Amino acid sequence: PSEEDWITASFRLYQGFWLSPRLFKGILTCQNHFQAHPSDILLVTSPKSGTTWLKAILFALLNRAKYSDSDSQQRHPLLTQNSHDLVPFLELNLYLGQENPDLTAIASPRLFATHMPYSLLPQSVRDSNCKLVYLCRNPKDTFVSTWHFANRMRPEEKGQIPIQEGLDKFCRGVSVCGPYWDHVLGYHKASLDMPEKVLFMMYEQMKVDPHVHVRRLADFLGCPFSKEELRDGTVEGILKMCSFDNMSALEVNKCGKLWTGAETKWFFRRGEVGDWVNYMSSEMGERIDGVMEEKLHGSGLKL
Ligand code: A3P
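Residues numbered from 1 in each chain as written. Predicted model: local features only at pLDDT ≥ 70, side-chain atom pairs only at ≥ 80, totals over all residues. Heavy atoms only, no water.

Comments concerning the overall build of the chain
No. 1: Along the chain, the regular secondary structure elements total 17 helices and seven strands.
No. 2: Here the chain has a C-alpha radius of gyration of 19 Å; the compact-globule value for 303 residues is 19 Å, and the two agree.
No. 3: Its C-alpha atoms give the chain principal-axis dimensions of roughly 50 × 40 × 40 Å.
No. 4: Relative to its 303 residues, the chain shows a buried fraction of 54%.
No. 5: In the chain, 73% of the contacts between residues at least 6 apart in sequence involve partners at least 24 apart. (Helix = DSSP H or I, 4+ residues; strand = E, 2+ residues; numbered from the N terminus. Rg over C-alpha atoms; globule rule 2.2 N^0.38 Å. Buried < 20%, exposed > 50% of the residue type's maximum accessible area, 1.4 Å probe, protein only. Contact = heavy atoms within 4.5 Å.)

Details of the nonpolar core
No. 1: One finds Leu217 and Cys242 to be the most contacted residues of the largest nonpolar core, which totals 91 residues.
No. 2: The element best represented in this core is helix α2 (residues 51-62), accounting for eight residues.
No. 3: Setting aside residues up to four positions removed in sequence, Leu217 forms contacts with Leu54, Ile57, Leu58, Leu61, Val133, Leu199 and Met201. (Core = buried A, V, L, I, M, F, W, Y, C linked by side-chain atoms within 4.5 Å.)

Regarding the pairing of strand β5 (residues 111-114)
No. 1: Of the two faces of β5, the one holding Leu111 and Ala113 and the one holding Phe112 and Thr114 are both buried throughout.
No. 2: In this sheet, β5 lies alongside strand β4 (residues 41-45) in parallel orientation, the contact comprising four bridges. From the neighbouring strand, Leu43 faces β5, where its bridge partner is Ala113. (Pairing = 2+ DSSP bridges.)

A word on the site of the ligand
No. 1: Within the structure, the ligand sits among 18 residues, and Lys48, Thr51, Thr52, Ser145 and Arg270 are positioned closest to it.
No. 2: A distance of 3.1 Å separates an oxygen atom of the ligand from a polar atom in the backbone of Gly50.
No. 3: Out of a free accessible area of 560 Å², the ligand has 98% covered by protein chains.
No. 4: Counting residues per element, the ones that place at least two in the shell around the ligand are α2 and α15 (244-249).
No. 5: Counting residues per element, the shell around the ligand draws most heavily on α2, which supplies three residues. (Near = heavy atom within 4 Å. Polar contact = N/O pair within 3.5 Å; in protein donor to acceptor, adjacent residues only side chain to side chain. Areas by Shrake-Rupley, 256 points an atom, 1.4 Å probe, with all protein chains shown as cover.)

What about the state of the cysteines?
No. 1: According to the stated counting rule, one finds zero disulfides in the structure shown.
No. 2: Unpaired in this structure, Cys30 has its nearest cysteine sulfur neighbour in Cys130, at a distance of 11 Å.
No. 3: Cys177 carries a free sulfur, and the closest cysteine sulfur to it, the one in Cys30, is 12 Å from it.
No. 4: Given a relative accessible area of 0%, Cys177 falls into the buried group. (Disulfide = S-S within 2.5 Å.)

Some words on the packing of helix α8 (residues 139-153) against helix α9 (residues 163-171)
The axes of two packed helices give the description: the angle between them and the distance between them.
No. 1: The N-to-C vectors of α8 and α9 enclose an angle of 125 degrees; their axes lie 10 Å apart at closest approach. Taken together, the axes of α8 and α9 lie oblique to each other. As for how α8 packs across α9, the hand of that crossing is right-handed. Along its contact with α8, which presents Pro139, Phe143 and Trp147, the element α9 presents Ile163, Gly166, Leu167 and Phe170.
No. 2: Partitioning the contact of α8 with α9 into residue classes produces six nonpolar, one polar and no charged. (Axes fitted to C-alpha atoms, helices over the stretch in contact; angles between N-to-C directions. Parallel < 35°, antiparallel > 145°, perpendicular 65-115°, else oblique. Left-handed = near helix turned anticlockwise from the far one by under 90°. Nonpolar A, V, L, I, M, F, W, Y, C, P; charged D, E, K, R; others polar.)

Looking at helix α14 (residues 234-241)
No. 1: Along α14, the residues classified as buried are Thr234, Val235, Ile238, Leu239 and Met241. On an axial view of α14, the arc spanned by its buried residues comes to 165 degrees, and they lie on one face.
No. 2: On the buried face of α14, the contacting elements are α2, α4 (77-80), α12 (210-220), α13 (227-231) and α15. (Arc of directions from axis to C-beta.)

Some remarks on the packing of aromatic side chains
No. 1: Taken as a whole and judged by the stated rule, the model has 13 aromatic pairs.
No. 2: Relative to Phe112, the ring of Phe34 lies with its centre 5.4 Å away and its plane at 85 degrees, an arrangement referred to as edge-to-face. Of the two residues, Phe34 sits in the loop between α1 (21-33) and β4 while Phe112 sits in strand β5, which places them 78 residues apart along the sequence. One exposure class covers both Phe34 and Phe112, and it is buried.
No. 3: With 5.4 Å between their ring centres and 85 degrees between their planes, Tyr118 and Tyr187 make a pair best called edge-to-face. (Phe/Tyr/Trp six-rings, centres within 6.5 Å; stacked < 30°, edge-to-face > 60°.)

Remember that the coordinates give geometry; whether it matters functionally is a separate question.
In structure tokens:
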């Protein structure tokens with residue numbers, strides 16, 4: 001089956017997930033050619049769940065030793081490069097249109113991002129000891145964020161997508177790499193089955209207590225903060241660098257463009273929890289809640 005994309009192309013259902021033709025191509029090539037290393041780290045999200053934020057945090061976390069004094073902090077790559085360039089998507093950047101991208105320049109541990117559902121990951125990712133960090137976000141804010149982004153990506157002459165239309169699609173599972181709930185459930189189950197391999201995180205919890213969750217990330221990745229780092233403000237420095245206010249005010253994020261045509265500023269809209277109430281009626285919110293309740297039933301997961 002195919003479905004008119006929220007933007008321009010058309011989605012196809014492939015092994016239970018809705019993919020654009022571009023994603024489909026990138027995922028298949030990646031599945032066939034990517035060889036994971038045991039030291040690799042993959043950041044996984046459903047789109048609009050906070051990918052840009054976590055890319056920055058992971059990059060800053062893993063490179064913290066290089067930028068620990070005030071001189072080197074002035075040269076921090078996040079000040080002049082957007083986090084999507086620093087942490088590429090496997091299927092959207094590296095393996096789209098090429099079978100053997102040059103990965104030799106990437107220092108170990110290699111940090112990649114992906115929107116691939118768990119069941120579509122390359123076999124080598126599942127077989128190797130590489131680590132996966134999954135970030136999920138409450139479905140109502142994810143939906144509203146997606147709807148805004150889709151409207152921005154859409155050619156002007158096509159007009160805005162009525163929110164009700166977007167909601168119908170979302171609730172039928174039609175979204176990038178959706179159904180949203182199956183994407184989340186795949187990684188949630190993997191995190192319960194293999195807690196040493198998959199870390200399951202939530203955007204809302206990160207917003208409430210980022211300090212705790214950055215430390216949790218560092219522990220999971222085998223690079224815990226030392227006592228000295230905990231005393232000298234290293235964690236606070238990372239959080240400040242990656243905060244919505246700081247990142248959205250950087251020139252590179254205000255004026256840049258990604259190869260997809262998306263402007264980098266579109267990745268920084270509100271960055272808040274519960275913004276859905278400004279766009280959806282309580283009935284619309286209840287509709288998403290109802291679908292989620294049914295789909296997550298028995299999983300132990302509440303979003
Ligand atoms: P909103 O549209 O609700 O504002 P992604 O990076 O997966 O595309 O997700 C984009 C969402 O993350 C947007 O949500 C964006 O504003 C938010 N975001 C981007 N940078 C952030 C940051 N540093 N801190 C918190 N949220 C951020």
